[in-house]
Amino acid sequence: MPLQHPRSRYRQVADDLREAIVRGTYGPGAALPSQPELARKYGLNQTSISRAIGVLESEGLIRTERGVGSFVLDIPTVKRVRRIPSRGNGSGSSFAEGMRKAGLAPRTELVQAEAVDPPPEVATRLDLPEGELTLIRKRHMFADERPVQLAASYIPMSVAGDVDIAFPDTGPTGLYERLAKRGHQVVRFAEEIESRRASSEEADFLRISTAQHVLEVVRFALDGAGRPLEVVINAFPSQLWKLTYEWTTEE
């Protein structure tokens, strides 16, 4: 590809590689040529090539493994639907239901369930007194065995009562039924959504770069007095998910 001036040459390289990915020259899972190979092909130094690779990483097209290479991401697009008001007694959506509608096989793995000191932002969101522990339920979610979502649920121990409430593992609806038996009825939900850079933990699990963005969806489960009984922090690769909200005209 002849490089044109005055546009930045590394951006021209990124454009060329992007077009090759879209055309299928480099298909899902394929490795891009090494940076030395690309430097020779385009007549640039490796610093410029590295910047071009960084552009593609930030767009969610590739993942770079240090010392190994850069690989085209193979990520399907799925839709997360929230129904307001929700149908039945659930939280308005189902991970498994959404994956199956997208033609994907869902799987959820509970990777942590214990009493912990909550992160400061979680303690603030739950309006906890100083020193109160929370039950954390951290879950890894897969679609066709691809990692697609992290979810960390925090419940005050004064609400959960004991770590045993997390077992056997269940989705939100089953957990809220257990909380209701303890006298804590979830009656309302609220969500906060923002786009931010992936943390190291999220990047490692989701197989993306820390230069890429995730959608953070924070869900609050509230009781009749407006007290938060649970805060769930969900992280999705932003290029993977489409969020859809539906509601009726009812009060």
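Heads up: the structure comes first, above all this text.
Rules and cut-offs
- Residues numbered from 1 in each chain as written.
- Predicted model: local features only at pLDDT ≥ 70, side-chain atom pairs only at ≥ 80, totals over all residues.
- Heavy atoms only, no water.
- Helix = DSSP H or I, 4+ residues; strand = E, 2+ residues; numbered from the N terminus.
- Buried < 20%, exposed > 50% of the residue type's maximum accessible area, 1.4 Å probe, protein only.
- Contact = heavy atoms within 4.5 Å.
- Areas by Shrake-Rupley, 256 points an atom, 1.4 Å probe, with all protein chains shown as cover.
- Salt bridge = Lys/Arg side-chain N within 4 Å of Asp/Glu carboxyl O.
- Core = buried A, V, L, I, M, F, W, Y, C linked by side-chain atoms within 4.5 Å.
- Lys, Arg positive; Asp, Glu negative; His and termini not counted.
- Pairing = 2+ DSSP bridges.
- Axes fitted to C-alpha atoms, helices over the stretch in contact; angles between N-to-C directions.
- Phe/Tyr/Trp six-rings, centres within 6.5 Å; stacked < 30°, edge-to-face > 60°.
- Arc of directions from axis to C-beta.

## Remarks on the overall build of the chain
At step 1: For the chain, the count of helices and strands is eight helices and 10 strands.
At step 2: Across the 251 residues in the chain, those meeting the buried criterion constitute 44%.
At step 3: Within the chain, contacts between residues separated by at least 24 positions form 61% of all contacts whose residues are at least 6 apart in sequence.
At step 4: Only carbon and sulfur atoms are counted for the fraction: they give 48% of the accessible area of the chain, which is about 13,200 Å².

## Considering the pattern of salt bridges
At step 1: Here the structure, examined in full by the defined rule, presents 10 salt bridges.
At step 2: Across the salt bridge formed by arginine 125 and glutamate 192, the nearest N and O atoms sit 3.7 Å from each other. Here the residue arginine 125 occupies a position in helix H5 (residues 120–126), and glutamate 192 occupies one in strand E7 (residues 188–197), the gap between them amounting to 67 residues.
At step 3: Look at glutamate 192 and you get partly exposed, because its relative accessible area is 42%.
At step 4: The salt bridge involving glutamate 230 is made with arginine 219; its shortest N-O contact spans 3.7 Å. Taken together, the residues span a long stretch of sequence, with glutamate 230 in strand E9 (residues 228–237) and arginine 219 in strand E8 (residues 213–222) at a distance of 11 residues.
At step 5: Take glutamate 230: its relative accessible area is 1%, and that puts it in the buried class.
At step 6: A network of salt bridges, in which partner residues are shared, links Arg107, Glu109 and Glu145.

## Points about the nonpolar core
Soluble globular proteins tend to bury their nonpolar side chains together.
At step 1: In terms of nonpolar packing, the biggest core is built from 19 residues, with Leu17 and Ile49 touching the most fellow members.
At step 2: Contributions of two or more residues to this core are made by helix H1 (9–23), helix H2 (35–42) and helix H3 (46–58).
At step 3: Ranked by residue count, the leading element in this core is H1, at six residues.
At step 4: If sequence neighbours within four positions are ignored, isoleucine 49 has contacts with Val13, Gln35, Leu38, Ala39, Tyr42 and Leu44.

## So, the side chain of glutamate 132
At step 1: Summarising the element assignment, glutamate 132 is placed in the loop between H5 and strand E5 (134–143).
At step 2: The buried charged residue glutamate 132 lacks any salt bridge partner; its closest oppositely charged side chain belongs to arginine 227, at an N-O distance of 5.3 Å.

## Notes on unusual backbone geometry
At step 1: A cis amide bond links phenylalanine 167 to the next residue, proline 168, at an omega of -10 degrees.
At step 2: Position of proline 168 among the secondary structure elements: in the loop between helix H6 (157–160) and helix H7 (172–181).
At step 3: Unusually for a residue other than glycine, aspartate 144 sits at a positive phi of about 50 degrees.
At step 4: For glutamate 145, which is not glycine, the phi dihedral falls at a positive 65 degrees.

## Notes on the sheet that holds E5
At step 1: Ordered by their spatial adjacency, six strands build an open sheet running E4-E5-E6-E9-E8-E7, and the pairing between neighbours is antiparallel. Strand pairing shows two members of the sheet lacking a second neighbour, strand E4 (106–116) and E7, which therefore form its edges. The sheet shows a mean angle of 15 degrees between the axes of neighbouring strands, direction not considered.
At step 2: As judged from the 10 bridges shared by E7 and E8, these two strands associate in the antiparallel manner. Paired with glutamate 194 across the bridge in E8 is glutamate 216.
At step 3: Relative to the sheet, H7 contacts E5, strand E6 (146–156), E7, E8 and E9, its axis offset from that of E8 by approximately 30 degrees.

## Considering the packing of aromatic side chains
At step 1: For the structure shown, the criterion picks out two aromatic pairs.
At step 2: Residues phenylalanine 142 and phenylalanine 205 carry aromatic rings whose centres are separated by 5.4 Å and whose planes lie at 80 degrees to one another, so their mutual orientation is edge-to-face. Here the residue phenylalanine 142 occupies a position in strand E5, and phenylalanine 205 occupies one in helix H8 (residues 200–206), the gap between them amounting to 63 residues.
At step 3: On the basis of relative accessible area, phenylalanine 142 is assigned to the buried category, the value being 9%.
At step 4: The class of phenylalanine 205 is buried, set by a relative accessible area of 12%.
At step 5: When the ring of tyrosine 176 is compared with that of phenylalanine 189, the centres are 5.7 Å apart and the planes differ by 45 degrees; the resulting orientation is tilted. Residue tyrosine 176 is located in helix H7, and its partner phenylalanine 189 is located in strand E7; the two are separated by 13 residues in the primary sequence.
At step 6: Judged by relative accessible area, tyrosine 176 falls into the buried class, the value being 5%.

## Regarding H2
At step 1: Turning to H2, its buried residues are Leu38, Ala39 and Tyr42. Take H2 and look down its axis: the buried residues cluster within an arc of 105 degrees, on one side only. In H2, the exposed positions that point more than 90 degrees away from the buried face belong to Arg40 and Lys41.
At step 2: Where H2 is buried, its residues contact H1 and H3.
At step 3: Of the residues flanking the end of H2, it is glycine 43, one or two places downstream, whose phi is positive at about 70 degrees.

Remember that the coordinates give geometry; whether it matters functionally is a separate question.
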